[in-house]
There are 2 protein chains.
Amino acid sequence: MKVVFIGAGNVATHLAIQLYEYRFDIVQVYSRTCESAETLARQVGATAITDISAIQTDADIYIFSVKDSVLANIASQLLPNSGFWVHTAGSMPIDVFTPFTARYGVLYPFQTFSKVRHVDWKTIPIFIEASDSKELNLLNTIANKLSDVVLPLSSDKRKYLHLTGVFACNFVNHMYTLSSEILEKAGLPFDIALPLIDETAAKVHSIVPLDAQTGPAVRFDNNVMDKHLKLINDDRTKEIYRLISESIHQKAIQKKQ
Amino acid sequence: MKVVFIGAGNVATHLAIQLYEYRFDIVQVYSRTCESAETLARQVGATAITDISAIQTDADIYIFSVKDSVLANIASQLLPNSGFWVHTAGSMPIDVFTPFTARYGVLYPFQTFSKVRHVDWKTIPIFIEASDSKELNLLNTIANKLSDVVLPLSSDKRKYLHLTGVFACNFVNHMYTLSSEILEKAGLPFDIALPLIDETAAKVHSIVPLDAQTGPAVRFDNNVMDKHLKLINDDRTKEIYRLISESIHQKAIQKKQ
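Residues numbered from 1 in each chain as written. Chains lettered and ligands numbered in written order. Predicted model: local features only at pLDDT ≥ 70, side-chain atom pairs only at ≥ 80, totals over all residues. Heavy atoms only, no water.

Peer 1: Mind laying out empty space enclosed by the protein, listing which residues take part and the relevant values?
Peer 2: Counted under the stated rule, the structure contains three cavities of 30 Å³ or more. If you trace the largest cavity, you find it lined by Val3(A), Leu15(A), Leu19(A), Ile61(A), Ile63(A), Val86(A), Leu107(A), Leu139(A) and Ile142(A). For the lining of the largest cavity, the residue count by class is nine nonpolar, no polar and no charged. Taken as a whole, the second largest cavity spans an internal volume of roughly 50 Å³. Around the second largest cavity, the lining residues are Leu15(B), Leu19(B), Ile61(B), Ile63(B), Val86(B), Leu107(B), Leu139(B), Ile142(B) and Leu146(B). Class assignment for the residues of the lining of the second largest cavity results in nine nonpolar, no polar and no charged. (1 Å grid on protein atoms, 1.4 Å probe; cavity = no way out; pocket = protein on both sides within 12 Å on 5 of 7 lines; lining within 4 Å. Points joined across faces, edges and corners; volume = space filled by probe spheres on them. Nonpolar A, V, L, I, M, F, W, Y, C, P; charged D, E, K, R; others polar.)

Peer 1: If you had to explain the packing of aromatic side chains to someone new, which residues and values would you point to?
Peer 2: All names here are of chain A. Following the criterion strictly, the structure yields 22 aromatic pairs over all chains and no others. When the ring of phenylalanine 97 is compared with that of tyrosine 104, the centres are 6.3 Å apart and the planes differ by 55 degrees; the resulting orientation is tilted. Here the two residues phenylalanine 97 and tyrosine 104 agree in accessibility, since each one is buried. Consider the rings of phenylalanine 110 and phenylalanine 127, whose centres lie 6.5 Å apart with planes at 80 degrees: the pair is edge-to-face. With phenylalanine 110 in the loop between β6 (104–109) and β7 (126–130) and phenylalanine 127 in strand β7, this pair connects stretches of sequence that are 17 residues apart. Phenylalanine 110 gets classed as buried once you look at its relative accessible area, which sits at 1%. What makes phenylalanine 127 buried here is its relative accessible area of 1%. One aromatic cluster is present, built from ring pairs that chain together Tyr62, Phe64, Trp85, Phe97 and Tyr104. (Phe/Tyr/Trp six-rings, centres within 6.5 Å; stacked < 30°, edge-to-face > 60°. Buried < 20%, exposed > 50% of the residue type's maximum accessible area, 1.4 Å probe, protein only. Helix = DSSP H or I, 4+ residues; strand = E, 2+ residues; numbered from the N terminus.)

Peer 1: Requested: an account of the interface of chain B and chain A, with residues and values cited.
Peer 2: The interface of chain B with chain A comprises 93 residues on the first partner and 92 residues on the second. Our enumeration of links across chain B and chain A arrives at six salt bridges. One salt bridge connects Arg236(A) with Glu246(B), and the closest N-O pair in it is separated by 3.3 Å. Counting across the interface, chain B meets chain A through 38 residue pairs in polar contact (both at pLDDT 80 or more). For the side of chain B that touches chain A, the elements supplying multiple residues, two or more each, are α3 (68–77), α5 (155–185), α6 (194–203), α7 (209–212), α8 (222–231) and α9 (235–256) of chain B. With 27 residues, α5(B) is the largest single contributor of residues to the side of chain B that touches chain A. In the side of chain B that touches chain A, the residues fall into 49 nonpolar, 27 polar and 17 charged. (Contact = heavy atoms within 4.5 Å. Salt bridge = Lys/Arg side-chain N within 4 Å of Asp/Glu carboxyl O. Polar contact = N/O pair within 3.5 Å; in protein donor to acceptor, adjacent residues only side chain to side chain.)

This is how it looks when you write it as structure tokens:
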């Protein structure tokens, strides 16, 4: 199957390399920047292009892995073709493609990707959606090569999934960032927080997060919380501390009721 | 060495069991509630007591693992003795013991403990502090039996460590809780977030958190963020979303400068 990749970011890179390993024929990689297109194209034996009109029209699949804000615009510039158009975005509805083509779908891998890190695709939940059941079957076959966990999901539900990722990944990582700043103040390396970070993540494999919650905010221990607030200089970080503590306490009360 | 445990909560339980395995002689476990005292005492071959005045005076070590707010009060009720008094609290200064005894210290394991989960003590960073160098040596010997990572740390710095734990564990877990609620809305099980949660934690072993940050808040993508805010019903959760997003964006800008 001939595949064109539109985008060469983190998701595109991991997905293209994995499909290449499963002997998909990646023919072109488009990116706005020449360097990105070439870096990915080189790894998957494809041609790098930076001109949308140079995208060939005889491919079987076109995978759009670009920023949400440019997806519709890029799709509108593709030459009409009979290929299967697929995007990988959590928050973009499937019907972004409706004005431009008849065969389309979504393949959303629920994971965080960095170019420098290997990920195990087999464990990544992949959520799929397509314009009709024939395309859904095709997408299902492709996704099942990649992962052991493939589920159909509507655009309406997928947007909640994306929001979940913001809390469970982006916001969690920011808590790590704030932690690292506090450790720096005490002259301690970030490494010493890793066993705690690992155990916190491991815990929710066997205990639901609400039951796993510990710390001064659960019982709203003002004594400890006031001490902590005095150690924080930045007003926004203070407010984050207060607000999350209130939220933890509120959930703890609701749980008891 | 004869050890008395004052407290039978999560930290006391894990610490007492581990010391018991290293053949420390746990003689008594005190707790306000009979059931807690007995549950732990049974596991470490100790006598359960609920009366502070029944604490024997001939032990070598007294380990206080109780809520911050009651520590000083409980210490004040102990009969005078020549044992080594040690507490395990992150935010309590070492000098909480000064009015009551001459030999004292702190042993702070930087980890989250639940009674139902096994933890690998060898990897837990333990921070120690003592009234003098002789006691520090003793505490160092004990802590080194438990863990491969033992570091002396002053009370002033330890309080920052405790605050770090609130962000890296308590607040992170609350982000998991909020995620689980959002997934529930979409009718999806929490399990499907686990690969993402694991990878987010694993990432910061090799990439500093600030560089690992991804998501719409990094470039303050109002388009995506507005969509997300519309999916959140609860005002406090909306405010958490806004505030953490602003904080992520601010750090991303500072990083570029």
